[in-house]
Every structure is written in C-alpha cells, then in structure tokens.
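Observations on chain architecture
Here is how the chains run, residue by residue.
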Amino acid sequence: MSDSPQKVAVIGAGTMGNGIAHVFAQSGHNVTLVDVNSAALERAKSTIERNLERLVTKERITAQDKESALARLKTSTEMRGAVSDADLVVEAATERLDLKLQIFEQLDAAAPSHAILATNTSSISITKIAAATQRPDQVIGMHFMNPVPIMKLVEVIRGYDTSDATTEKVVTLSKQLRKTPVEVNDYPGFVANRILMPMINEAICSLHEGVAGVAEIDEVMKLGMAHPMGPLHLADFIGLDVCLSILKVLQDGFGQPKYAPCPLLVNMVTAGKLGVKSGEGFYTHEKGSKELRVSPAFA
Ligand code: NAD
C-alpha cells in the first residue's frame, strides 16, 4: 500500500459501512462499497447523499465537494472484483465470526498482496480473523464509531501478528480522515465495548426487573452522568442484534456470568425488534420523524 491508499473497498453497506464509505469518499479516496444485498447498497447510497447534502446545508462542504465525493463512490455486489485493485479493505459486514472468517479468506485470495485488510468488528478477535489469511501482519481492527461521519474515535486494534508498519499506516490514515485513532490490544470487546456493553446490558436488566421505565433509565444516565444519549436509546442506534452478538463474545471470551445477555435483549432480537434498523426497539423509529417515543411494548 502506498502511504495513502487510493483505492478502498468497504465490505457491508449497513449502519456502519455506509458511514465508512462516506468518510473515505469525502476525504478523497476512491471507494467501492460492497454488499450481498443490492437493496442495502441502494439504501446506503441515498443515506450518503443525504448526509453529504446536510453538510452542504451547514456550509461545512461545498456542493462541488459533495458531487466529487459521490463521483468517487461505486457500489458492487461482487466482492472479488471490487477488491482486486484495492490498497485497503475495510470489512463492516454482519457481526458473526463464521461470516468474517469466510470473508477474510476470500479477501486474502482476491486482494493485492500489498493490501491491508481491516475489520470494523465491535468485539471479535482480530487474531482469529487474521488467522483466516496468509497475511496476519497486514490484518488490523479499524473500529469506527456510530454515526461514522460525526464520531471522532477510531479504535485501532492490533492482532497478535499485526506489524508496526500496518499499525502506523492505519493510524496515519485515520488522522487523514480527521479522526482520532487510539491504539488498543486484542482482547474481547477491546476497550469501547468491554465497558459500554455491560452498561447497556445493565440498563436492559434494570428495565426487565421493573426498576424504572425506558425514558426514566435514559434520563438518569443523561442528566446524572452527562451522557449525550441514554443507554437504551444508544442500544437502538447500535442495533440490538449487534449488542447481543458483542455480549456473547464477551461472555465466551471471559467466561464470566456478568456478561450474560439480559433475557429481554435476547427476546427482542428473536422478535425482530432491532432498534433503528427495524423501526422499533426500546423506542419507535419512524422514517423522517425526530420525535422519540417509547415503544408500545414498554409504554
Ligand atoms: P448491519 O446489520 O447494519 O449491516 C451489515 C451488512 O453486511 C448488511 O447490509 C449485510 O447485507 C451485509 N453483509 C452480510 N454478509 C455479507 C457478505 N458476505 N458480503 C458483503 N456484505 C455482507 O451491521 P452494522 O451495524 O453496520 O455492523 C457492521 C460491523 O460493524 C459489525 O462487525 C459490527 O459489530 C460493527 N460495528 C457496529 C457498530 C454499530 O453501532 N452498529 C459500531 C461499531 C462497529
């Protein structure tokens, strides 16, 4: 990879993938966004366009910047072709170990030998993912936060074999994206989710045990701890399925009962109540509406 990757492929066009593609395109990289689901690609493209337009309205970028960013963005449902000339791949597909192992094996076969293969995983071991490739020194965690265009942090996670050169390139690149990289080591949940997810899980358990209602729990944490968003609202944003997957990784990785997901979280995911992405979680999320309403299940 040259010092600044010109060609970037982002795998997965969901909540995170569209934001990651957005920040790369906005900062001058040619990006191909890949998903197995063409409807997800269409949704991602219109989200990116809307978010860039918002920046134009706020006079943070010009209309020309927006058009240039969109011109640098391509989409594809065919991963092999999309990564064949990539300098950097950032994987942001569904949080499942089997899927990530399969994707990284394919990326390793299809991407140029110089390419860095990064994963946006929230919790899965970078070392495990790297072992699916023949280039574990070039595999690294690049953990963006949601919403990607707004949040400054990139948690840069070194796997067991990640080289200094790979880490340095990803740290430099994160700064070019106007993010703040923080280097951490490869243990379940890294730093962000090892601390965040038990808090979210405890908020769900408090609701489940009737300690307080949805709005009250969120209000206590906002006003009492100066959090910008309550933990139940945040869980809806992250995706309840993603929260459940991360808690399972923490539970398996540390083998301690304190990480066991609250049964209410498990039930909600089973019922397809996934938060913003499904339209309902602890709150209802109607398209285009900014009003926050507690879901009828908890009202
Ligand atoms: P999501 O469910 O919104 O999107 C995942 C996308 O991956 C879907 O569009 C799906 O079609 C696609 N996909 C599945 N298999 C694929 C394949 N083989 N090839 C290409 N695309 C495929 O998930 P998300 O919330 O965007 O999470 C993506 C990753 O980012 C996960 O690893 C998650 O842990 C991590 N993450 C999520 C958040 C968050 O707040 N949601 C924050 C940081 C990191």
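Scroll up to find the structure.
All of the points below concern the structure found in this document.

1. As for the site of the ligand
- Surveying the vicinity of the ligand reveals 25 residues, the closest of which are Asp35, Glu95, Lys100, Ser122 and Ile238.
- Here an oxygen atom of the ligand and a side-chain polar atom of Lys100 are 2.7 Å apart.
- A distance of 2.9 Å is found between an oxygen atom of the ligand and a side-chain nitrogen or oxygen belonging to Asn120.
- Relative to its unbound accessible surface of 830 Å², the ligand loses 87% to contact with the protein.
- Broken down by secondary-structure element, the contributors of at least two residues to the shell around the ligand are α1 (15–26), α5 (97–110) and β6 (139–144).
- Per-element accounting of the shell around the ligand gives the leading share, 3 residues, to α5.

2. Quick look at the sheet that holds strand β2 (residues 30–34)
- Within the open sheet, the 8 strands sit side by side as β3-β2-β1-β4-β5-β6-β7-β8. Their pairing is mixed. Edge positions in the sheet fall to β3 (73–76) and β8 (180–185), since each has one partner strand and no second. Averaged over all neighbouring strand pairs, the angle between strand axes comes to 25°, with direction disregarded.
- Relative to strand β7 (residues 153–158), β6 is paired through 5 bridges, and the arrangement is antiparallel. Its bridge partner lying in β7, Gly141 is registered against Ile157.
- Across the face of the sheet, α5 comes into contact with β1 (7–11), β4 (88–91), β5 (116–119) and β6 while running at roughly 165° to β5.

3. As for the pattern of salt bridges
- This model, assessed by the stated rule, comprises 13 salt bridges.
- Note that Glu291 and Arg293 form a salt bridge whose closest N and O atoms lie 3.4 Å from each other.
- Given the relative accessible area of 48%, Glu291 is considered partly exposed.
- The class of Arg293 is partly exposed, set by a relative accessible area of 42%.
- Connected via shared salt-bridge partners are Glu91, Glu95 and Lys100.

4. Some points on the packing of aromatic side chains
- Enumeration over the complete set of coordinates arrives at 3 aromatic pairs.
- When the centroid spacing of 6.4 Å and the interplanar angle of 70° are considered together, the rings of Phe24 and Phe144 count as edge-to-face. Taken as a pair, Phe24 in helix α1 and Phe144 in strand β6 lie far apart in primary sequence, 120 residues in all.
- The class of Phe144 is buried, set by a relative accessible area of 2%.

5. Here we look at the side chain of Thr119
- With respect to the secondary-structure elements, Thr119 resides in strand β5.
- Owing to a relative accessible area of 0%, Thr119 belongs among the buried residues under this scheme.
- Within the structure, Thr119 has its side chain in polar contact with the backbone nitrogen of Thr121 (distance 3.0 Å).
- When neighbours within four sequence positions are excluded, Thr119 is seen to be in contact with Glu91, Lys100, Phe104, Ile126, Ile129, Ile140, Gly141, Met142 and His143.

6. Description of helix α3 (residues 63–71)
- Residues of α3 that are buried: Lys66, Ala69 and Leu70. Angularly, the buried residues of α3 cover 95° about the axis, an arc narrow enough to put them on a single face. Within α3, the exposed residues directed more than 90 degrees away from the buried face are Gln64 and Ala71.
- Summarising the contacts, the buried residues of α3 are in contact with α1, α2 (38–57) and β3.

Quick notes on the rules
- Residues numbered from 1 in each chain as written.
- Predicted model: local features only at pLDDT ≥ 70, side-chain atom pairs only at ≥ 80, totals over all residues.
- Heavy atoms only, no water.
- Near = heavy atom within 4 Å.
- Polar contact = N/O pair within 3.5 Å; in protein donor to acceptor, adjacent residues only side chain to side chain.
- Areas by Shrake-Rupley, 256 points an atom, 1.4 Å probe, with all protein chains shown as cover.
- Helix = DSSP H or I, 4+ residues; strand = E, 2+ residues; numbered from the N terminus.
- Pairing = 2+ DSSP bridges.
- Axes fitted to C-alpha atoms, helices over the stretch in contact; angles between N-to-C directions.
- Contact = heavy atoms within 4.5 Å.
- Salt bridge = Lys/Arg side-chain N within 4 Å of Asp/Glu carboxyl O.
- Buried < 20%, exposed > 50% of the residue type's maximum accessible area, 1.4 Å probe, protein only.
- Phe/Tyr/Trp six-rings, centres within 6.5 Å; stacked < 30°, edge-to-face > 60°.
- Arc of directions from axis to C-beta.

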